[in-house]
Amino acid sequence: MEETVNPFTLPKTIPLFPLPGATLLPRCNLPLNIFEPRYLKMIEDASMTNNLIGMVQPLKGVLDSKTPELFSIGCVGHIEQMQHTDDGRIEIMLRGLSRFRIESELETTTPYRQALVDFEVFADDQTVPAHDCNIDRELLLKSLSSYLEKRGLSADYTGIETAPDEILVNTLSMIIPFQPSEKQAMLEASDIYSRNEMLLSLLEMAIASLNPLNDSEHH
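Residues numbered from 1 in each chain as written. Predicted model: local features only at pLDDT ≥ 70, side-chain atom pairs only at ≥ 80, totals over all residues. Heavy atoms only, no water.

Q: An account of the packing of helix α5 (residues 180–188) against helix α6 (residues 192–210) is needed here, citing residue identities and associated values.
A: Where α5 meets α6, the axes come as close as 8 Å, and the angle between the chain directions of the two elements is 160°. Overall, the two elements α5 and α6 adopt an arrangement that is roughly antiparallel. In the crossing of α5 with α6, the sense of the turn from one axis to the other is left-handed. Contact residues: Glu-182, Ala-185, Met-186 and Leu-187 in α5; Arg-195, Met-198, Leu-199 and Leu-202 in α6. (Axes fitted to C-alpha atoms, helices over the stretch in contact; angles between N-to-C directions. Helix = DSSP H or I, 4+ residues; strand = E, 2+ residues; numbered from the N terminus. Parallel < 35°, antiparallel > 145°, perpendicular 65-115°, else oblique. Left-handed = near helix turned anticlockwise from the far one by under 90°. Contact = heavy atoms within 4.5 Å.)

And the structure:
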């Protein structure tokens, strides 16, 4: 039996935080360092209401204007932790709740953008799978190990090996520095199986691109 764990009533209107390369998925955590005045105001406002903000990527993968065109799919997160720093920043930890589709942006007086959103199409995001998703963990961890080795990085395999399938795939989809369009594709994947297959393909392509040129390519 699947368990519904989201204790929050998701509102029709949420503030938007456009950030290239930053995606959030349900039941995963995203640390953020807030320093731009309009987003400091957004965090302060959210902390006085429902602590919810919507993460969404700019369509072009860069912040090329004050109001860049956005992807239509994002994920709302709950501010679990918030700390003010001495230099005026706010450090927060967001916990993913559910993906959303932007229906329309609102005319507002706030310095940050707000939108009318729909959560219904992603209703399954608010339930925890009752069991692991039967992905090929061995293949995924092998690909991850090769990728990290090629990049000279390391990982906490104790935490990785004990994570449930859903959390493993979603966390890796969030933290591995793929291109914004690739991260968006994984965010929009219909289910964990599709996201895992996409993740494997992207890892394999990244590994291939990091391989040194073979002899035939030297001539």
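Q: Which residues make up the side chain of Ser-173, and what are the values?
A: Here Ser-173 is to be found in helix α4 (residues 165–175). Overall, the relative accessible area of 2% leaves Ser-173 in the buried class. When near neighbours in sequence (up to four residues on either side) are disregarded, Ser-173 contacts Thr-23, Leu-25, Lys-183, Met-186, Arg-195 and Leu-199. (Buried < 20%, exposed > 50% of the residue type's maximum accessible area, 1.4 Å probe, protein only.)

Q: Mind laying out the side chain of Asp-125, listing which residues take part and the relevant values?
A: For Asp-125, the location among the structural elements is in the loop between β7 (114–118) and β8 (127–128). Given the relative accessible area of 9%, Asp-125 is considered buried. Aside from chain neighbours lying at most four places away, what touches Asp-125 is Pro-26, Arg-27, Leu-97, Ser-98 and Arg-99.

Q: Give me the lowdown on the nonpolar core, citing residues and values where you can.
A: Within the largest apolar cluster, 25 residues are counted, with the highest numbers of intra-cluster contacts made by Ile-34, Ile-53, Met-55, Ile-92 and Leu-94. Those elements that provide at least two residues to this core are β3 (29–34), α1 (37–47), β4 (52–56), β5 (73–84) and β6 (90–105). Leu-140, Leu-148, Phe-178 and Ala-206 belong to the second-largest nonpolar core, a separate cluster that totals 22 residues. (Core = buried A, V, L, I, M, F, W, Y, C linked by side-chain atoms within 4.5 Å.)

Q: Would you mind going over the packing of helix α2 (residues 137–150) against α4 in detail, with residue names and values included?
A: It is the contact of α2 with α4, at a shortest axis distance of 12 Å, that shows an interaxial angle of 25°. As far as their axial angle goes, α4 and α2 are roughly parallel. For α2 against α4, the interelement crossing comes out left-handed. Every residue of α4 that contacts α2 at Arg-137, Leu-140 and Leu-144 is listed here: Asp-165, Leu-168, Val-169 and Leu-172. Grouping the constituent residues of the contact of α2 with α4 by class yields 5 nonpolar, no polar and 2 charged. (Nonpolar A, V, L, I, M, F, W, Y, C, P; charged D, E, K, R; others polar.)

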